[in-house]
Structure formats: structure tokens, C-alpha cells
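Chains, contacts and geometry: an overview
So you can see what is in the structure, the chains are spelled out below.
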Amino acid sequence: MVDAGVNMALFAVVAVGYLALTIALGIYGYRKTLRNEDFMVGGRKINPVILALSYGATFLSTAAIIGFGGVSGQLGMGTIWLVALNILVGLIIAFIVFGKRTRRIGKRLNALTFPDFLGRAFNSPFIQVFSAAIILMGMPIYSAAVLLGGVNFVVASLDIDRNVALFGLAIIVTLYVTYGGIIAVMYNDALQGGIMFLGMLILLAVTYIELGGVVEAHQALTNLSPQVPQPLSDAGMRGWTAFPAFGSPLWYTFVTTFLLGVGIGALAQPQLAVRYMTAESGRSLNRALMVGGIFILVVVGTAYTVGPLSNVYFFNTYGETSMQYVGQNADMIIPVFVNEIFGGSLFGELFIVLFLLTLLCAAMSTLSSLLHTMGASAGYDIWRHVRANRSGSHTAEEVLHGHDKDLVRSMRAARIGTMVMIVVTVIVTYYMPANIIARSTAVFMGLTAAALLPAYTHVLFAKEPDTRAAKWSIVAGTVTWLFWGLFIQANNANQIGLRDALFPAATWPGVPYSVIDPLVIGLPVSTVVLLAFFLYGRRKGGL
Amino acid sequence: MLGIDDPWIWTGHLFAIGLTLFCLIYGWLKFNDDGEDDING
């Protein structure tokens, strides 16, 4: 791989200018918020384009652009179905069906976090603590994937050591989480969203121009199919412009892990549910939907199109596919490709620096929301119950419905929890292997969906939610997901190593079971358990 | 179509574009609708 890297002096100048603009917008937004007597009214008057761009920048991060863009570069354009699922499930169903009800019920319950929402809705301290524990178990893997996306882009653009980039970003994350409140205003999110949107459009246009036009680029990519590596060809890959062969091992991984894991998983993400609860009105969700659709199509669609097309560029220029050129690490394809086609000219390097800063800011705002979610899970949802249980001062139900003195203390604990989770995230990132960003995202989203989605859906739609049914559904979904993920799905089982450590001589099921994502097993199990207990409870109650 | 032979890929593109149009039209029609009336649960 040829060393790329932009001019450090140019980077420093643009970074200082960008930071100054960010702080200025932060102060402007902060003062404007302070002046508004009624924040709700102010929120309703905000320009809908600013609102939608800020939604986009918060929802999409390095995991989508770098992680799944890289997977597309390795496995082909089939990921376009993930764009469709992101819009259908992550935007249309999430906002119209789930978002409005979550906002209304969350407001009525006075819920502060997603586990708090579920706990109060079912009147169950167990559900609050258990769902917080699931977040603490899965979310560090996702937040590490978001951080790793930023690290990889810094490494490719500035040509610095991976550990130096990780350490530097860890310091920035800490500063952002501590002081970010003042700059995390809608104007800054909109600035990030705007640059990201324009940047991806420019990236798409330059890629097609570089490759001779839209049809020519696609045809050249179709003609590259003989270059598919033998192991991937044996697994079912038919080229970069074709979906994997139906029923092949690659088809199962592609559909169950990347498409369904992330497509369906987006519905039960705790950090997004909190966003619905804090939305000013149902109308702001409608408005965000309007521009949000175009934003996802352009930003994610470009990443999933440019990723595969990078193969044509690298093959024409160096005689290698993207994976060969970047040293068999899909997580480096997008960062290296952007640096390759834009490097060498002042305008190009300026674009790289602006794009890098925007991606880093988007990663920081996503990371900040993930770290706060984890901190609140540890400090507010779990620690409060542990403390009350130890001192015997309050019953679990009293803790669930909260009291002021406790709330202040738990907020302090949440802040400590957030700091601890920063350290955990950095450690997990340090040990992450290659080709991991997209898979980690699917792991977290799959776990939360398998465990929490049926219970979450139940509480939004049932007139009388059944607590016992929800409890058993959450436990069954979690246990099934963990068993399948740790022992049956070969990729996860081999990576984690618990299976071989506990049962070194055992024989486990092969294809297709070993390539099916735990979500596809765990979610039906948790759904059936919920329905069975719910119907049994109604029948018993009716007798 | 456009140099892509596999119908699964270009139908995926059409589906994604169609859903984006739905978002645009829905958001446009409901721009000032608070959306609380259509919730019965």
C-alpha cells in the first residue's frame, strides 16, 4: 500500500478554523436558547433543513460510512438493500410508528432513559436493571466500532501511527463528552450534516468522473468479477455488481447479519429512543423524515456505491482489488480510497481535511450520545437500585419511580459511569482486529433487537402491557442471542474463543447454522415467548 | 441496467429511491401536522 497523507500544516490551519467556527456556532446557539423564554416555541420555529441535517449527522456515523462502505468494497453492491432498509425501518417505521408513540408515552411516564422507559411502562425494576445491563454488555462494542472508524480515517489521512491516533482521539472524546454540551447545538450538527451531505455528493461525482462515467464504471466493475478471490467465490460471491448466490454461506451472512441485523436492529436502539422522547413535537419527526430520507440515500448510498467502485480504481491503477491494496482490512477501503482520489492537489487535500474533520465531529457526537447512554444505564438505571437494596432505605418500586435526593446522586454516578465507559471503549478499540466495524455494529444492534424489540413494541401498542410476558421475552431473547452468538455462529464463536475454551472437543452445527446471525434466532424466540405469555395471561384473566 | 446485470441490485436501488420519495411526500404533506391525533394506543 502506498503511503498517503495530507500536508500537516494545511490540516492544522483548517482544523483551527473549523474549531473556531464550531465554538462560535456553539456560543450563538447557546445564547439563542437562553434568550428564548419558551424553548418549545423556539424549537418549532427552527428552519426544517437545519433540523433535518442535524438529525442526519446524529444518526449516521463512521460505522455506517467507513464500516459498511468497506464491507461493500469487499462484498459488492448488495448493501444497497441496507440503504432501503435503513430508510424503511430506521426512518419511516421508526419515526412514524415507534417515534411518535415513544415520545408521547415517555413524556407521560417522565422517563429519562430507555431502560427507565421500559421499567416504568411495565412497572418493573427488573426490566429496568436487566435492559440497562444489556446496554452495558453490547454498547461498548458499537462505540468502539465508531471510534475505530475515526482512527482509521486519521491514520490514512495524516499518515500517523494507529496508537497515536487512538490516544489523540480518546483525549478529544473525553473533552467532547465533558464540555461538548455547549457546542452540541443544532447549528453544529447541521454544519456537520451539511458538509457530510455535500462531501458525499462530491465523492460520488468525482468517483464516476474518474472511472469514465456511470455506465462505464458499473460495466468495468461487472467485468472485474473474475478477480473475486477464490475463498469468497466458493462462499457464494458472484461479483461486485451481483447479490451473493441464494442460500450460499455468504448469502446467509450478508442477509442475516448485515441487512437484517442492522436494518431491524435500528428500531430498538436505546440512544435513538431517547431522541424520540426529547423531540419537541410529532411534527418535528414528520419534518425530519422529509429531509432524512434524502440524507440517508445520499450519504449511505454513496458509501455503499463508492466502496465497490474503488475496486475498479485500484485495479486500473495498481492491478489489485481494494482488499488486496489495503492489506485485507475492509475498514481501510473508504479512508484509503478518499485519500487516493483527492490527494495530490490543494483543492483535493482541502477536501480530505474538511471531510476528515466532519467525520470526526459526527463520530464525536454519536460517541457522546452512546457514552452518555451507557453512563446513565450504569449510574441511573443500575446503581440506584443496588444502593437502595444495600441500604434497605427504599423498595425497588420506590426507586423505579424516583425521588429527588436520589436523582441528584445518581446523576453524579452517571457522570462517573460515562468516564469509566470512555476507558472501556478505548481499551476495546485498542484490541479490535481488522474487518470488525460493520460486524460490531451488527452485534450490538442484533442483541438489543433480539432482547428488547418485542417488549418495546408490546408496551407501545398493547392497551394493558403484560409485565410477566415482557420479562420472559427479554430474558429468552438475551439468552438465545448469547448462546447462538457464543457457541453456534462460527465467526463470533471463533473470535471470542469461549466455545473452544469450554468445550474443546465438541462438534458444533455447520453451514447454514454456523453462518446465521443470532438475531434471526433470538428475535423470533423472544417474540413467541412474549405472545405465549401474553395470550396465556389473557386467557387466565378471562376465565 | 446502467451496467448492472443482477436484477437484485438494481431493484434495490429502485426500492431505496422509491422509499426516499415516500419520505419526501409524507414529510411535505404532514409538514405542519403534529401527528398526535392518529395515535390511538
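Computed from a prediction, not measured in an experiment: that's the story for all the values here. (Residues numbered from 1 in each chain as written. Chains lettered and ligands numbered in written order. Predicted model: local features only at pLDDT ≥ 70, side-chain atom pairs only at ≥ 80, totals over all residues. Heavy atoms only, no water.)

1. Notes on the overall build of chain B
A count of helices and strands for chain B gives 1 helix and 0 strands. Sorting the 41 residues of chain B into buried and exposed places 34% on the buried side. Per element, the accessible surface of chain B, about 2,600 Å² overall, is 71% carbon and sulfur. (Helix = DSSP H or I, 4+ residues; strand = E, 2+ residues; numbered from the N terminus. Buried < 20%, exposed > 50% of the residue type's maximum accessible area, 1.4 Å probe, protein only. Areas by Shrake-Rupley, 256 points an atom, 1.4 Å probe, with all protein chains shown as cover.)

2. Structural notes on the pattern of salt bridges
Two side chains with opposite charge may pair up if their charged atoms get near one another. Inspection of the entire model under this criterion finds 3 salt bridges over all chains. Of the charged contacts, one joins Asp 6 of chain B and Arg 238 of chain A as a salt bridge, the two residues approaching to 2.9 Å between their closest N and O atoms. With one member in each of two chains, Asp 6 of chain B in the segment before α1 (7-29) and Arg 238 of chain A in the loop between α11 (230-235) and α12 (249-265) form a pair that bridges those chains. We note a salt bridge from Asp 500 of chain A to Arg 499 of chain A, for which the minimum N-O separation is 4.0 Å. The exposure class of Asp 500 of chain A is partly exposed, given its relative accessible area of 40%. (Salt bridge = Lys/Arg side-chain N within 4 Å of Asp/Glu carboxyl O.)

3. A closer look at the side chain of Asp 6 of chain B
On the basis of relative accessible area, Asp 6 of chain B is assigned to the buried category, the value being 8%. Among the polar contacts made by the side chain of Asp 6 of chain B, one reaches the main-chain amide nitrogen of Trp 8 of chain B at a distance of 3.0 Å. Filtering out sequence-adjacent residues up to four positions away, Asp 6 of chain B remains in contact with Arg 238, Thr 241, Ala 242 and Phe 243 of chain A. (Polar contact = N/O pair within 3.5 Å; in protein donor to acceptor, adjacent residues only side chain to side chain. Contact = heavy atoms within 4.5 Å.)

4. Some remarks on the nonpolar core
Counting residues in hydrophobic clusters, the biggest one holds 164 residues, and the most contacted among them are Ile 65, Phe 117 and Tyr 456 of chain A. Non-local contacts of Tyr 456 of chain A, meaning those with residues more than four positions away in its chain, are made with Phe 98, Thr 102, Phe 114, Phe 117, Leu 118, Leu 267, Ala 268, Ala 273 and Tyr 276 of chain A. (Core = buried A, V, L, I, M, F, W, Y, C linked by side-chain atoms within 4.5 Å.)

5. Side note on the confidence of the model for chain B
Summing up the model confidence of chain B, the mean pLDDT is 81 and the portion of residues at 70 or higher is 80%. Contacts from residues 37-41 of chain B, a stretch scored under 50 in pLDDT, to residues over four places away or in other chains number 8 contacts. (pLDDT = per-residue confidence, 0-100.)

6. A short note on the packing of aromatic side chains
Overall, the coordinates contain 32 aromatic pairs over all chains when judged by the stated rule. Centroid distance Phe 254 of chain A to Phe 258 of chain A: 6.4 Å. Interplanar angle 85°. Geometry classified as edge-to-face. With Phe 254 of chain A and Phe 258 of chain A both in helix α12, this residue pair falls 4 residues apart, about one helical turn. On the basis of relative accessibility, which here comes to 1%, the residue Phe 254 of chain A falls in the buried class. On the basis of relative accessibility, which here comes to 5%, the residue Phe 258 of chain A falls in the buried class. Pairwise contacts between aromatic rings join Phe 68, Trp 81, Phe 243, Phe 254 and Phe 258 of chain A together with Trp 8 and Phe 15 of chain B into one cluster. Residue placement shows Arg 384 of chain A over the ring face of Tyr 380 of chain A; its charged tip is 4.1 Å from the ring centre. (Phe/Tyr/Trp six-rings, centres within 6.5 Å; stacked < 30°, edge-to-face > 60°. Lys NZ or Arg CZ within 6 Å of the ring centre and 35° of its normal.)

7. Focus: the interface of chain B and chain A
With 32 residues of chain B at the interface, the matching set in chain A holds 36 residues. Carbon and sulfur atoms make up 67% of the area that chain B and chain A hide from each other, which totals about 3,100 Å². At the junction of chain B with chain A, the criterion picks out 1 salt bridge. Counting across the chain B and chain A interface gives 4 residue pairs in polar contact (both at pLDDT 80 or more). For the side of chain B that touches chain A, the class distribution of residues is 15 nonpolar, 10 polar and 7 charged. (Buried area = accessible area lost by both parts, 1.4 Å probe. Nonpolar A, V, L, I, M, F, W, Y, C, P; charged D, E, K, R; others polar.)

8. Quick look at helix α17 (residues 346-391) of chain A
All names here are of chain A. Between its terminal C-alpha atoms α17 stretches 64 Å, which fits the 68 Å expected from 46 residues at 1.5 Å a residue. When the local axis directions of α17 are compared, the greatest deviation, roughly 45°, occurs at Trp 383. Positioned one or two residues after α17, Gly 392 has a phi angle of 70°, which is positive. (Expected span 1.5 Å × (residues − 1). Bend = angle between axes of the 7 residues up to and from the residue.)

9. A closer look at the confidence of the model for chain A
Summing up the model confidence of chain A, the mean pLDDT is 86 and the portion of residues at 70 or higher is 90%. Here residues 35-45 of chain A is a poorly scored stretch, pLDDT under 50, and it has 9 contacts once near neighbours within four places are set aside; other chains count.

10. What about the environment of Leu 535 of chain A?
Residue and element names in this part refer to chain A. With respect to the helices, strands and loops of the structure, Leu 535 is situated in helix α24 (residues 518-542). We classify Leu 535 as exposed; its relative accessible area is 52%. In sequence terms Leu 535 and Ala 469 are 66 residues apart; their C-alpha atoms lie 9.0 Å from each other.

11. Regarding the side chain of Thr 418 of chain A
Structurally, Thr 418 of chain A is set in helix α19 (residues 404-431). Leaving out residues up to four positions away in the same chain, Thr 418 of chain A has contacts with Val 177, Leu 371, His 372 and Gly 375 of chain A.

12. Quick look at the packing of helix α7 (residues 125-158) of chain A against helix α20 (residues 437-461) of chain A
To characterise two packed helices, one gives the angle between the axes of the helices and the distance between these axes. Residues and elements named next belong to chain A. Here α7 crosses α20 at 160°, and the two axes come no closer than 8 Å. Taken together, the axes of α7 and α20 lie roughly antiparallel to each other. Along this stretch, α7 crosses α20, giving a crossing that reads as left-handed. Taking contact as the criterion, the partners of Ser 131, Ile 134, Met 137, Gly 138, Met 139, Ile 141, Tyr 142, Ala 145, Leu 148, Gly 149 and Asn 152 in α7 are, on α20, Ile 437, Ser 440, Thr 441, Val 443, Phe 444, Met 445, Leu 447, Ala 451 and Leu 452. Residue composition of the contact of α7 with α20, grouped by class: 14 nonpolar, 6 polar and no charged. (Axes fitted to C-alpha atoms, helices over the stretch in contact; angles between N-to-C directions. Parallel < 35°, antiparallel > 145°, perpendicular 65-115°, else oblique. Left-handed = near helix turned anticlockwise from the far one by under 90°.)

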